[in-house]
Structures are given as C-alpha cells and as structure tokens.
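Each chain, letter by letter, is given below.
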Amino acid sequence: MDNNSYHSVIVNKAPTTQNRKHKIREWLTLKNVQFEEYHTKAEPLCLVKRYKPEPIYEADEILKHVGDIMILHGHEVLRLPPYHCDLNAIELV
C-alpha cells in the first residue's frame, strides 16, 4: 500500500492550528488533559503536541478486520516508503 492520501486518512486526528480554540479545548477535555480557560490558543496547542497519540490510519483499521482472512490466504499488507521506485512501480510513470 503506498502513501496516497486516501490510504492515509487518520482516525484519531488531533487538532491543529487550523482548528478553533473551542475544538482544541474539547479534544483536551476528552483526553483528560488539564488546561486553563484563560490560555490563548497557543498554550493548548502545546498540550496537544505533548499528548498527541500515534496516528491510527483508517485503512489499517479496515485491514485489521480483514487481516485474519488475508493471513489464512498467505497475504500481508505493508506500507511502502514514499516515492520508492523499486517497490512501487507507479512511481516510475
């Protein structure tokens, strides 16, 4: 599986600078991270960076459910390094 955008949709996406302050606060509250209400947007974003989990990709979650079936048939799904011509023939095109 290459690193195309539709293969890399993140399920547990953390807020970024593009999100509004109330969405960042919501995310921190869901993660049980303490913050002060009077902080500007920058301080909660620093907390988001600190408590941001490893990304979980939607395609990987789907493949977990199908994975047992695929292992029975001798297949394994791997993520390819980006722009690697030897492993991903489409990059030559």
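Check the entry above for the structure.
What you see is a predicted model; the values in this text were computed from it and never measured. (Residues numbered from 1 in each chain as written. Predicted model: local features only at pLDDT ≥ 70, side-chain atom pairs only at ≥ 80, totals over all residues. Heavy atoms only, no water.)

Caption draft 1: Local environment of the overall build of the protein. A count of helices and strands for the protein gives three helices and zero strands. Counting from the amino terminus, the protein carries its helices and strands in the arrangement α-α-α. Residues classed as buried in the protein amount to 18% of the 93 residues present. In the protein, of all internal contacts separated by at least 6 residues, the share reaching a separation of at least 24 is 53%. About 7700 Å² of surface is accessible on the protein, with carbon and sulfur atoms providing 56% of the total. (Helix = DSSP H or I, 4+ residues; strand = E, 2+ residues; numbered from the N terminus. Buried < 20%, exposed > 50% of the residue type's maximum accessible area, 1.4 Å probe, protein only. Contact = heavy atoms within 4.5 Å. Areas by Shrake-Rupley, 256 points an atom, 1.4 Å probe, with all protein chains shown as cover.)

Caption draft 2: Quick look at the packing of helix H1 (residues 21-30) against helix H2 (residues 42-51). Closest axis-to-axis distance for the H1/H2 pair is 10 Å, and the angle between their directions is 40°. With respect to each other, H1 and H2 are oriented oblique. As H1 runs across H2, the sense of the crossing is left-handed. Listed contacts from H2 to Ile 24, Trp 27 and Leu 28 of H1 are Pro 44, Leu 45, Leu 47, Val 48 and Tyr 51. When grouped by side-chain class, the residues that make up the contact of H1 with H2 number eight nonpolar, no polar and no charged. (Axes fitted to C-alpha atoms, helices over the stretch in contact; angles between N-to-C directions. Parallel < 35°, antiparallel > 145°, perpendicular 65-115°, else oblique. Left-handed = near helix turned anticlockwise from the far one by under 90°. Nonpolar A, V, L, I, M, F, W, Y, C, P; charged D, E, K, R; others polar.)

By themselves, these figures tell us nothing about what the structure is for.
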